[in-house]
Amino acid sequence: MKKGKLHNSGKFYQLGLLFMLLFTVSQLHARQLWTYNFGIDHPWNGNYTWTTETGGGDIDLDNPVYPQAGDTLYIVGANTRVYLVADVDLTNLTIIIENGALDLVTYSLIQTVTKLSGTGSLMVNRSYYPTITTDELRQAGGGTVEYYDFTGTIPTSPTTYFNLTLSGSSTQLTVNSDLDILGDFSVSRTGVDPFTALFGGDPTPRTITVNGDVSIDSDATLGVGSFNAVHTLELFGNLYNEGTLFLSNGVQYSTSATGAANLYFKGASNTEFSGSGSQIVYRMIVDKGSDQTYSLSCNPENLSLYYPTSGGATDKAIRLINGTLNLGDNISIAKLTDEETAVSSSNFVIPANAHLKISGATVDITDDDGDETNTGLTIQGKLTITDGTLSTEKSDGITLDGGQLFIQGGTATFAQISSTGSSTLNISGGTTTLNNIASGNPNTGLTSLSLLNASDVFSMSGGTLNIYPTTTGVVAIGVSSYTASGGTVNIYTDGTNAIASTAPFYNLSILNGGTLSLETVSG
């Protein structure tokens, strides 16, 4: 018995040595190959594609090498492209695309790839993605996956990429799964004809999150499929559009039953939305950071908002949650809120953690299609006007609900300005007109300028303030904190109106031949 056990143990020992030897031989056989002759296209099995010279700087022309099972392949050179001409059936490959590209064309890597890494590109000309044990190309800091030049749906797996590019000419690619893009997302045209990329190939809502930038090239389109689904596009970086962005297939100011996508701008960083293309946006929701610190600079040409402006305070075509929305001089918005349907509307609200900045834009609070209530602007956070125009037509005007209104330039026309307390009105430039007779449906019982709370702050150091009276009067200011170091206040009245103010005015003019009576401030 003892001999038998010793004999069997010896066999196992010998087998172990054999396996170790075979493994060692296989490891010795595994090679490292580099692409040769940087910056050109190479077929996978070309005579001069690969070299054993480290870095790919030299080649033995008399002894070409080709990839074998177990090899580690390096693709080097910024414009180097290795392309498949047939399916590749090799096991245990490690492929490192340092830069340049591996183009699978319409072929496959049949066996599971041991590892794929690098900062270059993997290009695919059909709805296919290889099976990879360790896929570092799609991880943070990795490379780009590009689906190009075919019409169809990109693979529903994987759902995470570092950089993703959809491209083509006279073709259309559809995304029909949730995607998490850790880097940048690009939509580009590869030929002379336009290219389209769509969200949604069925009625299932999809969410695409892009942590980097989104760019749309000229003659390229990023849109939504014609299904009854509202998708979500979350952007943490910039949005650059030189082509076409359409995020609604419906009618402007109507809910879409034929495909749409809400556009979220997120992240604790300053970003921008720009470009000379066509911008059809369903809903634009700004939720950056946790306060007013981080901003979205929004200044694309040809921006149109399609979501209804009626409804509740959080149910508008533009919704502010956190951060600053800075509207530049390319922006023209016809209305932010409106009673356009039987749905009860509400004021457009700037919440406490949000800041709306008008820096050249032309913005109307509401349109002038009727005598409408609950269509004003409520400021709980901050509104700043530095340039451009902000106006109300048939509106309730401005309600400062613990918020701040800074007018530093531009033109502002409101039915009235009133406060619920602990608010700030600061005028340092521009022209501000309070005229409920011409353009308003004001809150009854209040004067055109009504800051009745001692906790309010009024400051005027420049600019012009034109005030037309309501039936209640012209000015009622009862603040305990005020500054009057400049600017001009013009009061237009052809009758006798009341003014009551604890705050002085630097320059005051009474126009239209009327008179003012001075009264005690009262709530």
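Every chain is numbered on its own, with residues counted from 1 as its sequence reads. Since the coordinates come from a predicted model, pLDDT governs what is reported: local features require at least 70, and pairs of side-chain atoms require 80 or more to be given and counted, while whole-chain, interface and lining totals use all residues. Calculation of side-chain values draws on the structure's entire complement of heavy atoms; hydrogens and water are dropped beforehand.

Asker: Got a minute to help me understand the overall build of the protein in this structure?
Answerer: Note on conventions: DSSP H or I runs of at least 4 residues are helices, E runs of at least 2 residues are strands, and numbering of each starts at the N terminus. Helix and strand counts for the protein stand at 2 helices and 48 strands. Within the protein, contacts between residues separated by at least 24 positions form 56% of all contacts whose residues are at least 6 apart in sequence. Accessible surface is estimated by sampling points in the Shrake-Rupley manner with a 1.4 Å probe; for residues, cover comes only from the protein chains shown. Only carbon and sulfur atoms are counted for the fraction: they give 48% of the accessible area of the protein, which is about 21,400 Å². Contacts between residues were defined by any pair of non-hydrogen atoms, one from each residue, lying within 4.5 Å.

Asker: Teacher, can you tell me more about the sheet that holds strand β15 (residues 171-175) here?
Answerer: Adjacent strands of a sheet form backbone hydrogen bonds with each other and so pair up, either parallel or antiparallel. DSSP calls a pair of strands paired once it identifies at least 2 bridges connecting them. A sheet is described by the order of its strands in space; here 7 strands give the open sequence β12-β15-β18-β21-β24-β27-β30, paired in parallel fashion. Edge positions in the open sheet fall to β12 (152-153) and β30 (303-305), since each of these has one partner strand only. Here strand β21 (residues 220-224) runs beside strand β24 (residues 244-246); their pairing, made up of 2 bridges, is parallel. Bridging from a neighbouring strand, Leu222 pairs with Leu245 of β24.

Asker: Can you help me understand the packing of aromatic side chains in this one?
Answerer: The geometry of two aromatic rings is summed up by the distance between their centres and the angle between their planes. Classification of ring pairs rests on two measures: the distance between centres of Phe, Tyr or Trp rings, Trp counted by its six-membered ring, which must be within 6.5 Å, and the angle between planes, read as stacked under 30 degrees, edge-to-face over 60 and tilted in between. Applying the stated criterion across every chain yields a total of 7 aromatic pairs. Between Trp44 and Trp50, the aromatic rings sit 5.9 Å apart at their centres with planes inclined by 75°, giving edge-to-face as the arrangement. Ring centres of Tyr468 and Tyr492 lie 4.7 Å apart, and the angle between their planes is 10°; on these two criteria the pair is classed as stacked. Here Tyr492 lies in strand β45 (residues 481-492) and Tyr468 lies in the loop between β43 (457-467) and β44 (475-477), a separation of 24 residues in the sequence. Only protein chains enter the area calculation, which uses a 1.4 Å probe; residues under 20% of their type maximum are buried, those over 50% are exposed, and those in between are partly exposed. Taking relative accessible area as the criterion, Tyr468 reaches 23% and is therefore assigned partly exposed. For Tyr492, a relative accessible area of 19% translates into the label buried. Definition used: whenever NZ (Lys) or CZ (Arg) falls within 6 Å of the ring centre and also within 35 degrees of the ring normal, the charge is taken to sit over that ring. Here the basic side chain of Arg283 rests over the ring of Tyr307, its NZ or CZ set 4.7 Å away from the ring centre. The ring of Phe406 carries the charged tip of Lys382 above its face, separated from the ring centre by 4.9 Å.

Asker: Is there a simple way to explain the pairing of strand β38 (residues 404-407) in this structure?
Answerer: Looking down a regular strand, the side chains alternate between one sheet face and the other. Pairing between strand β36 (residues 382-391) and β38: 4 bridges, direction parallel. What sits directly across from Leu383, in β38, is Leu405.

Asker: Explain the environment of Ala484 to me, please; I cannot follow it from the model alone.
Answerer: Along the chain, Ala484 turns up in strand β45. Residue Ala484 is classed as partly exposed on the basis of its relative accessible area of 27%. Between the alpha carbons of Ala484 and Asn507 there is a distance of 9.1 Å; along the sequence they are 23 residues apart. If we skip the residues at most four places from it in the chain, Ala484 touches Met460, Pro504, Phe505 and Tyr506.

Asker: What is the right way to look at the pattern of salt bridges in this model?
Answerer: A side chain with one charge can pair with a side chain of the opposite charge if their charged atoms come near. Put simply, a salt bridge is a Lys or Arg side-chain nitrogen that is within 4 Å of an Asp or Glu carboxyl oxygen. Scanning the model with the defined rule gives 9 salt bridges in all. Ionic pairing is found between Glu234 and Lys266, a salt bridge with its closest N-O pair at 3.0 Å. A residue pair is termed long-range when its members are at least 10 positions apart, and Glu234 in strand β22 (residues 230-235) and Lys266 in strand β25 (residues 260-266) qualify at 32 residues. For the pair Glu234 and Lys266, a shared accessibility class is recorded, and that class is buried. The structure contains a network of salt bridges with shared partners spanning Asp41, Arg81 and Asp103.

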